[in-house]
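Here's the letter readout for the chains.
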Amino acid sequence: MFRTALRNVLAHKARLLMTVLAVMLGVAFVSGTLVFTDTFGNAYKNKSAKSFDHVSVAITSSSGSSADESGHGPKQKPELTDALLKKAAALPGADSAIGAVSGFTALADKDGKLVGGEWGTTGANYFPGEGGKDPRYDFTEGAAPKSAGEIALDSRTAGRTGYRVGDTVRLSTDGPVRTAKVSGVFDTDEGSVVAGGSLVLFDNATAFKALNKNQYDEIDVKAAPGASEAALERSVEKILPKDSSTMTGGELKAQQDSMIEEQTSSMSQVLLIFAGIALFVGIFIIANTFTMLVAQRTKELALMRAVGASRRQVTRSVLIEAFLVGMVAAVTGFALGIGVAVGLESLMNSAGASLPDGPLVIAPTTIVVALLIGVVVTMLAAWLPGRRAAKIPPVAAMNSVHATPTTRGLVVRNTIGSVIVALGAVMLFMKDNYVKSGGAGVMLVGVIVLTPLLSRPFIAASAPLLKPFGVTGKLSRLNSVRNPRRTASTAAALMIGLTLITAMTVVATSMSSAINKMAAGAMKADYSVSMANFQPLTPEVREKLDKLPDVAATTPLRSTYGEADGGFVSISGVDPKTFGELVGLDFTSGSVDGLKHGGVLVDTDTAKDKGLKAGDTFPLKFDDDGEKVRLKVAGVYEGNEMLNGLFAPTSVVDPHLTKVVDKQVLVKMEDGASDKAEDAIVKALGENPAITVQDKDAISNEVAGAINMMLNMLYGLLAMAVLIAVLGVINTLAMSVFERKHEIGMLRAIGLDRAKVKQMVRLEAVIISLFGAVLGIGLGLFMGWVAGGTISNSVSTYTMEIPLGRIVVFLGIAALVGVLAAMWPARSAAKLNPLMAIKSE
């Protein structure tokens, strides 16, 4: 049976090509993902490990190192001071000690734009140790900063921005803009820089002032040669302040490795989900291929049964063929996967990701997984066709070239499919989100089972559209409906990808629209001014804005927290005179005017939770100073994701803040938002790279941009599934042409020319592709609607929006897929010799 199976594979290698390609692409996706994440994780670990070379024991404080940076909480007594550092360096077994501080530092590029994004730019201290050098940084140009007027840049940032030693740069750490000269350029193994961020170095004294620190973030002690980390840690623990703790260099490295593994594992899981979708789509192609091959070889299989082969042997023969095909596809897919991993690394580096260099990592488990997936998926998909082949009676098979599906089989399939769809529909309307997600998967499976039933009415409905094509249109329609299972399997592969794409597009489009509505409804102000890293602004920012002649009104938003009725509440201090002009609140009771008389505004959720209404008073304990006050509810408003919690006059909030700072400032201009108005605000604030000025459109676009970027990434990941579906259409048409050689020969003999034959095959491909597209888009819209029901519970402005433009594009792409997929099969059909085709069985 093995020799028979091998002979069959070699005899039908052209017809098995698309199956090999489908499995190969799925395996390549899986193996490429595993190789890439293993390589990236290993390189990142090796690179990050070097940053711990100077650390044997690290001392950290739980009290924090910022000097009232957030404006909340009581002042903490400094613990990690120079005195402690000197004590640590003098301990037995200690070689040296360095103090480290770091914090957000906004660096402007030559165009005045922020380098590295909101969180990407960090400032740190250069701590001159033995010989005046800091072992964390290796200078390639110039020297370390020595005064407040100097800074140093990491080499990657210098390369990106074009800054060189001696250039003057603009930067900001706590609001005011400052200028400094670049004293040097350095290389470093700091994790943030390795990950693509930027690092600015100050001299030690300047770093404390610029980064608003009152103590070191960490003191790193290096062991002397021959001393152990454990012994040094025991010595360090004897001098520790009460709120401080230690970790050895080995523990820090293990912690870092664990974080890297967690990050790469998350990335790997996301990619593998989409690889799984691609393989699931490939199952339909494999099953279709083996079903058609079995149908075309019924006489051969019947003869095997007649000469003594058992049903098991026939099934085993088909499975051996599947094993051989799967093994070839797995090996080639694994090799292609290595290329995918290398290409992905290059692509991300060219996009600015700055991945660390390292050797390609091919783990033994990756090889095993790739081979197992290729073989197991192929054999599972071929099992049902093999089982069907074994059930065909020898005499019946020898009397018929093709074994058509029985009516009973289709009835059973339709019944099972209806039950599955009904079960999925019930699960979709459950409250639990996990059950809903499972319901979406169950319904998708049910629709796949029902596709043969659904194919007939769809193809019948296409008759008017095919009428202009005459006889070829009629023939293509009849060919599409001839074998519903085959048409259904081919269309289902395309349907799966388009279902997911449509559902995600609907949710993303609706979410973007919800954010736009939220911003437009909640914000009457023309601009929002805040720090780029969302740290507090100094009150001087509002004072500068109030001096602008074109500014009509401003209000700060001063964020703090408190406790009311045993529960946590957020509190925003605002200007009661101008708040109503700058924010649009939908009140259920009371009004914004009550703020002017010392009252507070409460969102509906908080009011319901605390049992409050307009006119009520309630006790509130401020977190910052622990003082209790009694407040009166001036109004209850409908909250959302942008505006919620308590709004209180600044006169009520300010006395309880450790430090008066603003989360953001809302600004209304006399003549509304304009480029001129925005430019005036930016210049009034000293063209500060640390401060972000956004109008309503910019706030909406920021969220919409993130949503669209994620959606485009998902499109890219699902492209593999769609590509495999295209191979399925090609495969079905190619094998269908081979199966219908006799029929095509007869059509050619009675006058159907080559162009018409090509047109017939193309139209058949378009019908199948559009059937899959319509099913996928319809199911995707339904799932998008169900998902929207869950989202609308937490996002009040969310309503489902159907992206008609994109849906038309999806249908157009599906039709194009059909035309392109038919090129090779149509050409093969047109080249058939009529006489030779008529002689074939």
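Above this text is the structure in question.
Conventions used here
Residues numbered from 1 in each chain as written. Predicted model: local features only at pLDDT ≥ 70, side-chain atom pairs only at ≥ 80, totals over all residues. Heavy atoms only, no water. Helix = DSSP H or I, 4+ residues; strand = E, 2+ residues; numbered from the N terminus. Buried < 20%, exposed > 50% of the residue type's maximum accessible area, 1.4 Å probe, protein only. Contact = heavy atoms within 4.5 Å. Areas by Shrake-Rupley, 256 points an atom, 1.4 Å probe, with all protein chains shown as cover. Lys, Arg positive; Asp, Glu negative; His and termini not counted. Charge placed at Lys NZ, Arg CZ, Asp CG, Glu CD. Expected span 1.5 Å × (residues − 1). Bend = angle between axes of the 7 residues up to and from the residue. Pairing = 2+ DSSP bridges. Axes fitted to C-alpha atoms, helices over the stretch in contact; angles between N-to-C directions. Parallel < 35°, antiparallel > 145°, perpendicular 65-115°, else oblique. Nonpolar A, V, L, I, M, F, W, Y, C, P; charged D, E, K, R; others polar. Salt bridge = Lys/Arg side-chain N within 4 Å of Asp/Glu carboxyl O. Polar contact = N/O pair within 3.5 Å; in protein donor to acceptor, adjacent residues only side chain to side chain. Patch = residues over 30% accessible without salt bridge, like charges linked within 9 Å, V, L, I, M, F, W, Y side chains within 5 Å. Phe/Tyr/Trp six-rings, centres within 6.5 Å; stacked < 30°, edge-to-face > 60°.

Engineer: Would you take a moment to explain the overall build of the protein for this structure?
Structural biologist: Of the regular secondary structure elements, the protein holds 29 helices and 22 strands. If one aligns the C-alpha atoms of the protein with their principal axes, the spans along those axes are about 95 × 75 × 50 Å. Within the span of the protein, comprising 841 residues, buried residues form 50% of the whole. For the protein, restricting intrachain contacts to residue pairs at least 6 apart in sequence, the fraction spanning at least 24 positions comes to 82%. For the protein, the computed accessible surface area is about 38,100 Å², with 60% contributed by carbon and sulfur atoms. A gap of 18 Å separates the mean positions of the 81 positive and 76 negative side-chain charges of the protein.

Engineer: For this particular structure, what's the right way to read helix H18 (residues 484-522)?
Structural biologist: Each turn of an α-helix holds 3.6 residues, which means side chains three or four residues apart point in the same direction. Under the 1.5 Å per step criterion, the end-to-end length of H18 is 54 Å for 39 residues, consistent within 8% with the ideal 57 Å. The sharpest bend along H18 reaches about 30° and sits at Ala492. Within H18, 30 of the 39 residues are buried, which leaves it mostly tucked inside the rest of the structure.

Engineer: I tried to follow helix H12 (residues 364-391) on my own but got confused; where do I start?
Structural biologist: Counted at 1.5 Å a residue, the expected span for H12 with its 28 residues is 40 Å, and the 40 Å between its end C-alpha atoms agrees. The sharpest bend along H12 reaches about 35° and sits at Trp383, with the proline Pro385 one to four residues further on.

Engineer: What should I look at first to understand the sheet that holds strand E12 (residues 244-248) in this one?
Structural biologist: Within a beta sheet, neighbouring strands are joined by backbone hydrogen bonds and run either parallel or antiparallel to one another. Taken together, the four strands give an open sheet; going across it, the order is E2-E11-E1-E12, and neighbouring strands pair in antiparallel fashion. A single partner strand is all that each edge strand has here, and the edge strands are strand E2 (94-100) and E12. Neighbour-to-neighbour, the strand axes of the sheet open up by a mean angle of 20°, direction not taken into account. When E2 meets strand E11 (residues 218-223), the two strands line up antiparallel, connected through six bridges.

Engineer: Explanation requested: the packing of H18 against helix H24 (residues 696-739) in the structure shown.
Structural biologist: Relative orientation and spacing of two packed helices are given, respectively, by the angle between their axes and the distance between those axes. H24 packs onto H18 with a crossing angle of 170° between their chain directions and a minimal axis gap of 8 Å. In terms of orientation, H18 and H24 fall into the roughly antiparallel class. When the residues that make up the contact of H18 with H24 are grouped by side-chain class, the tally is 20 nonpolar, nine polar and three charged.

Engineer: Honestly, the pattern of salt bridges in this entry has me stumped. Any pointers?
Structural biologist: Side chains that differ in sign of charge can pair as their charged atoms come close. This structure, assessed with the given rule, holds eleven salt bridges. Arg558 serves as the salt-bridge partner of Asp654, at 2.7 Å between the closest nitrogen and oxygen. Taken together, the residues Asp654 in the loop between helix H22 (650-653) and strand E21 (664-669) and Arg558 in strand E14 (residues 551-564) connect sequence positions 96 residues apart. Take Asp654: its relative accessible area is 21%, and that puts it in the partly exposed class. For Arg558, a relative accessible area of 9% translates into the label buried.

Engineer: Explain the side chain of Asp154 here, please?
Structural biologist: Locating Asp154 in the fold gives a position in strand E7 (residues 150-154). Within the buried set, Asp154 has no salt-bridge partner at all; the shortest N-O distance to an opposite charge, 5.6 Å, is to Arg160. A polar contact is formed between the side chain of Asp154 and the backbone nitrogen of Arg156, at a distance of 3.1 Å. In this structure the side chain of Asp154 is engaged in a polar contact, spanning 2.6 Å, whose partner is the side chain of Thr157.

Engineer: Whenever I open this one, the packing of helix H27 (residues 804-821) against helix H28 (residues 823-830) confuses me. Can you help?
Structural biologist: Look at H27 against H28: their axes get within 5 Å of each other, and the N-to-C directions meet at 40°. Here H28 runs oblique to H27, going by the angle between their axes. Counting all contacts with H27, which are made through Val819, Leu820 and Ala821, the residues of H28 involved are Met823, Trp824 and Pro825. Here the contact of H27 with H28 is composed, by residue class, of six nonpolar, no polar and no charged.

Engineer: It is not clear to me how unusual backbone geometry should be interpreted in this structure. Could you clarify?
Structural biologist: What is expected of a backbone is that most residues other than glycine have negative phi and most peptide bonds are trans. If you check the backbone angles, Asn212 has positive phi at about 60° while not being a glycine. Mapped onto the fold, Asn212 is located in the loop between helix H7 (204-210) and E11. Note on Asn212: relative accessible area 24%, which makes it partly exposed.

Engineer: Explanation requested: a nonpolar patch on the surface in the structure shown.
Structural biologist: Together, Phe429, Trp785, Met800, Ile802 and Leu804 make up an exposed nonpolar region whose accessible area comes to about 530 Å². For Ile802, the location among the structural elements is in the loop between helix H26 (754-791) and H27. Ile802 gets classed as partly exposed once you look at its relative accessible area, which sits at 46%.

Engineer: What should I look at first to understand the environment of Phe139 in this one?
Structural biologist: Positionally, Phe139 belongs in strand E6 (residues 137-142). A sequence separation of 46 residues divides Phe139 from Val185, and the C-alpha atoms of the two residues are 5.8 Å apart. Leaving out residues up to four positions away in the same chain, Phe139 has contacts with Tyr126, Ala144, Pro145, Ala152, Gly184, Val185, Phe186 and Leu201.

Engineer: What's the story with the packing of aromatic side chains in this structure? I'm lost.
Structural biologist: Tallying each qualifying case throughout the model produces 14 aromatic pairs. Seen in terms of ring centroids, Phe458 and Phe771 are 5.3 Å apart; in terms of plane orientation they differ by 35°. Their pairing is tilted. One end of the pair, Phe458, is in helix H15 (residues 433-461); the other, Phe771, is in helix H26, with 313 residues separating them in the sequence. Through successive ring pairs, a cluster of aromatic residues spans Tyr126, Tyr137, Phe139 and Phe186.

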